[in-house]
Structure formats: structure tokens, C-alpha cells
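Residue-level structure breakdown
In case you want the letters, here they are:
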Amino acid sequence: KNGVRVISAKEAISDGPEGIILESMLEGMNEYYSAELAVKIRRGQKENALKCKANGGGKPLGYLVDPETHKYIIDPITAPIVREVFERYANGEMIQDIADSLNEKGIKTAYGTVIRISTISVMLRNRKYIGEYKYGDIIIPDGVPAIVDKDLFERVQRRMERNRRSPARMKATEPYLLSSKIFCGYC
């Protein structure tokens, strides 16, 4: 309608009615190929997941991917950092203080960036550290070597839940006993 033409370097498509049908067939075949390839890729990723293999994407700090088996293995250099983060948080340290000290030591994320509060928060919630493999709706307990024991992980989860319910307590400079327990009539 706007005078635009598609010119193919591979196929000689004429301007007549037969060119219209040929072009539609080629476009249909390409669309079919793309949809079929997507189905095959998803099927392959599901098969990888059932075997607890890495399916691409980012790997959490503390893990490497074995180039032969494509399974997660513990990184001997960064796994102790993960354990330290869990222990420090379970012992009462604030996430900001943990992030600051790791950045002072020059420790970086798996992507080579500085460690932020969100980095630590995501790390502390990641069940892969207790050995749980998850890909989509596939969850396999003990599918990955654990870096943190389940008891420590559960202690961290309980503390995070307590802090989630009472965020005002962490912002106050004074310990207010009724923070997050009593509210004004407008709140």
C-alpha cells in the first residue's frame, strides 16, 4: 500500500500473481521453522532440567558449570564467600553492612559488578544453595551440590521473614518497642 517492495537475494520472486503465492509460501515455511525450533529448544531444556544440567542464564555466586557434564559444581574460591554471607546474616548483621564489607574486600558478583543489597537479598533466598535444582516448574531436591546446610538456610529465612514484617525497626535510630505493632487511625 505504501509502495514498499521486498526483494530477495536468494529467491527470484516475480512481481506477478505467482510471486504473491511464492512469497506467502516462503514466509509460512520460515514461520513454521521458527515455531518448530522453539518447541525443540523447550523440549531440550526440559530434558536438561530433568538431568539437573545448567540451562544457560546466570549462575549463582559459588557455583561453576562443569564443561563436560554441564552440571553445577561448587566453586572452591567463591563458595566460602556464600557461606560467610549466610552465617553473618543469620548472626544478626545487616545486609548493607555485609555488602559494604564484601565490596571493601574487592569481591564481585558472578557478572563482575559490585555487590548490592539486592544481590545479597536474592542470594539469601536462593534455594540452590541448599541443593535444590529449579527450572520452570521442575524442582529436584539435592539436584545441585549444597553450599549451605538446611538449618542455616532456614534460620536466614526466618530472620528475613521477621524483617519483612517489621521494616520500620531497621530504619529507626532508637529501638521502638511498638514499631509495626501499633498504627495511627489513618494508617
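**Some thoughts on the packing of aromatic side chains**
- Considering all chains together, one arrives at 4 aromatic pairs under this definition.
- Centroid distance Tyr63 to Tyr129: 5.8 Å. Interplanar angle 20°. Geometry classified as stacked. Here Tyr63 is found in strand S1 (residues 63–65), whereas its partner Tyr129 is found in the loop between helix H4 (117–125) and strand S3 (133–135), with 66 residues between them in sequence.
- The class for Tyr63 is buried, based on a relative accessible area of 2%.
- Where Phe86 meets Tyr129, the ring centres are 5.8 Å apart and the plane angle is 70°; that geometry is what we call edge-to-face. With Phe86 in helix H2 (residues 79–90) and Tyr129 in the loop between H4 and S3, this residue pair connects regions lying 43 residues apart in the sequence.
- Note on Tyr129: relative accessible area 2%, which makes it buried.
- Through successive ring pairs, a cluster of aromatic residues spans Tyr63, Tyr72, Phe86, Tyr129 and Phe153.

**With respect to unusual backbone geometry**
- Despite not being glycine, Cys52 shows a phi value in the positive range, around 60°.
- Positionally, Cys52 belongs in the loop between helix H1 (17–50) and S1.
- By relative accessible area, Cys52 is classed as buried at 9%.

**Some remarks on H4**
- For H4, the complete set of buried residues consists of Ile120, Ser121, Met123 and Leu124. Projected down its long axis, H4 carries its buried residues within an arc of 165°, all on one side.

**Here's the deal with a nonpolar patch on the surface**
- A cluster of nonpolar side chains, Tyr32, Tyr33, Leu37 and Ile41, forms an exposed patch at the surface whose accessible area comes to about 430 Å².
- Tracing the chain through its elements places Tyr33 in helix H1.
- Residue Tyr33 is classed as exposed on the basis of its relative accessible area of 53%.

**Section: the packing of H2 against helix H3 (residues 95–104)**
- In contact at an axis separation of 10 Å, H2 and H3 are set at 150° when each is read in the N-to-C sense. As far as their axial angle goes, H3 and H2 are roughly antiparallel. For the crossing formed where H2 meets H3, the hand is right-handed. Taken together, the residues of H3 that come into contact with H2 (itself represented by Ile81, Glu84, Val85, Arg88 and Tyr89) are Ile95, Asp97, Ile98, Ser101 and Leu102.

**Examining the side chain of Thr109**
- You can see Thr109 is positioned in the loop between H3 and H4.
- Among the polar contacts made by the side chain of Thr109, one reaches the side chain of Thr113 at a distance of 2.8 Å.
- Setting aside residues up to four positions removed in sequence, Thr109 forms contacts with Leu61, Val114, Ile115 and Thr119.

**Here we look at the nonpolar core**
- Of all hydrophobic cores here, the largest spans 32 residues; its most connected members are Val82, Phe86, Leu102, Ile120, Leu124, Tyr129 and Val148.
- Top contributing element to this core by residue count: H2, with 6 residues.
- In this structure Leu124 touches Val85, Phe86, Tyr89, Ile95, Phe153, Val156, Gln157 and Met160, once residues within four positions along its chain are discounted.

**Focus: the pattern of salt bridges**
- Scanning the model with the defined rule gives 6 salt bridges in all.
- The salt bridge partner of Glu93 is Arg88, with a shortest N-O separation of 2.9 Å.
- By relative accessible area, Glu93 is classed as partly exposed at 28%.
- Notably, a salt bridge pairs Arg155 with Asp151, separated by 3.4 Å at the nearest N-O pair. You can see Arg155 and its partner Asp151 sitting in helix H5 (residues 150–165), 4 residues apart, about one turn around the helix.
- Three or more residues are tied together by salt bridges with common partners; here these are Glu84, Arg88, Glu93 and Lys105.

**Observations regarding the side chain of Arg159**
- As for its placement among the helices and strands, Arg159 is situated in helix H5.
- Here Arg159 occupies a buried position and makes no salt bridge, while the nearest side chain of opposite charge, Asp97, is found at 8.2 Å.
- A distance of 3.1 Å separates a polar side-chain atom of Arg159 from the backbone oxygen of Gly92.
- When sequence neighbours within four positions are dropped, the list of residues in contact with Arg159 reads Tyr89, Gly92, Glu93 and Met94.

Parameters at a glance
- Along each chain, the written sequence defines residue order, and numbers are assigned to residues from 1.
- Under the rules for a predicted model, residues below a pLDDT of 70 receive no local features and side-chain atom pairs below 80 are neither given nor counted, while totals for whole chains, interfaces and linings still include all residues.
- The side-chain figures draw on all heavy atoms in the structure; neither hydrogens nor water molecules are used.
- Each Phe, Tyr or Trp ring, with Trp reduced to its six-membered ring, pairs with another whose centre is within 6.5 Å; inter-plane angles below 30 degrees give stacked pairs, above 60 give edge-to-face pairs, and intermediate values give tilted ones.
- Counting from the N terminus, the helices are DSSP H or I runs at least four residues long and the strands are E runs at least two residues long.
- Residue exposure (1.4 Å probe, protein chains only): buried if accessible area is under 20% of the type maximum, exposed if over 50%, otherwise partly exposed.
- For this quantity, the arc is that covered by the directions from the helix axis to the C-beta atoms.
- Patches were defined on residues exceeding 30% relative accessible area and lacking a salt bridge, with like-charge contacts within 9 Å and nonpolar side-chain contacts (Val, Leu, Ile, Met, Phe, Trp, Tyr) within 5 Å.
- The accessible surface values rely on the Shrake-Rupley method and a 1.4 Å probe; as for residues, cover is taken only from the protein chains in view.
- By salt bridge we mean one thing: a side-chain nitrogen of Lys or Arg within 4 Å of a carboxyl oxygen of Asp or Glu.
- In this analysis, axes come from line fits to C-alpha atoms, helices being fitted only over the stretch in contact, and the angle between any two N-to-C directions falls in the range 0 to 180 degrees.
- Just so you know how the angles are binned, under 35 degrees is roughly parallel, over 145 roughly antiparallel, 65 to 115 roughly perpendicular, and the rest oblique.
- In this scheme the crossing of two helices becomes right-handed for a clockwise turn of the near helix relative to the far one and left-handed for an anticlockwise turn of less than a right angle.
- Any two residues having at least one pair of non-hydrogen atoms within 4.5 Å are treated as being in contact.
- Pairs of N or O atoms within 3.5 Å make up the polar contacts considered here, provided that, within protein, one atom can donate a hydrogen while the other can accept it, and that residues adjacent in sequence are counted only when both atoms are side-chain atoms.
- By nonpolar core we mean a set of buried residues, namely Ala, Val, Leu, Ile, Met, Phe, Trp, Tyr and Cys, connected to one another through side-chain atoms within 4.5 Å.
- The charge count includes Lys and Arg as positive and Asp and Glu as negative, but it does not include His or the ends of the chains.

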